[in-house]
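Examination of the molecular architecture
Each chain, written out:
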Amino acid sequence: MQEIRTINLIAALEEERVRRGLNHKGFSTLLRISESYWCMLRKGARRLTPNLAVLFMQKLPSITTEVQDFIMQQGKDGEEEGT
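Residues numbered from 1 in each chain as written. Predicted model: local features only at pLDDT ≥ 70, side-chain atom pairs only at ≥ 80, totals over all residues. Heavy atoms only, no water.

1. Observations concerning the overall build of the protein
Helix and strand counts for the protein stand at 5 helices and 0 strands. Residues counted as buried form 29% of the 83 residues belonging to the protein. A separation threshold of at least 6 residues defines the contact pool for the protein, and within that pool the share at least 24 residues apart is 50%. Surface exposure of the protein reaches about 5,300 Å², of which carbon and sulfur atoms provide 51%. (Helix = DSSP H or I, 4+ residues; strand = E, 2+ residues; numbered from the N terminus. Buried < 20%, exposed > 50% of the residue type's maximum accessible area, 1.4 Å probe, protein only. Contact = heavy atoms within 4.5 Å. Areas by Shrake-Rupley, 256 points an atom, 1.4 Å probe, with all protein chains shown as cover.)

Here it is, written out as structure tokens:
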């Protein structure tokens, strides 16, 4: 389930990038991450963390719902591991 939330969040970010008419370099600059890091996140080569998701939400309030879903799922995953 966590993977679905991550995919949804990355898709929301990509949709916002396209909506703004930005290339990957411009979008990564907006997010204050390197272009290579953005590429790794998109491809699943780097793990998206709750802290990074909150940073993205601060830069792009339009993805608040996807960030909240992602963070809520992180908490549920942690509860399942502890039981």
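2. A look at the nonpolar core
With 18 residues, the main nonpolar core has Leu9, Leu13, Ile33, Leu41, Leu48, Phe56 and Ile63 as its most contacted residues. Elements represented by at least two residues in this core include exactly α1 (2-20), α2 (24-31), α3 (35-43), α4 (50-59) and α5 (64-82). In terms of residue count, the dominant contributor to this core is α1 (4 residues). Those residues in contact with Leu41 that sit more than four places away from it in its chain are Ile10, Ile33, Arg46, Arg47, Leu48, Leu52 and Phe56. (Core = buried A, V, L, I, M, F, W, Y, C linked by side-chain atoms within 4.5 Å.)

3. Side note on the pattern of salt bridges
Summed over the entire model, instances satisfying the criterion amount to 5 salt bridges. A salt bridge links Glu14 to Arg17; the shortest N-O distance between them is 2.5 Å. A residue pair is termed a helical-turn pair when its members lie 3 or 4 positions apart in one helix, as Glu14 and Arg17 do in helix α1 at 3 residues. When its relative accessible area of 22% is taken as the criterion, Glu14 is described as partly exposed. Linking Glu16 and Arg20 is a salt bridge whose minimum nitrogen-to-oxygen distance equals 2.7 Å. Residue Glu16 and its partner Arg20 are both found in helix α1; the two are separated by 4 residues, about one turn of the helix. The network of salt bridges with shared partners includes Glu14, Arg17 and Arg42. (Salt bridge = Lys/Arg side-chain N within 4 Å of Asp/Glu carboxyl O.)

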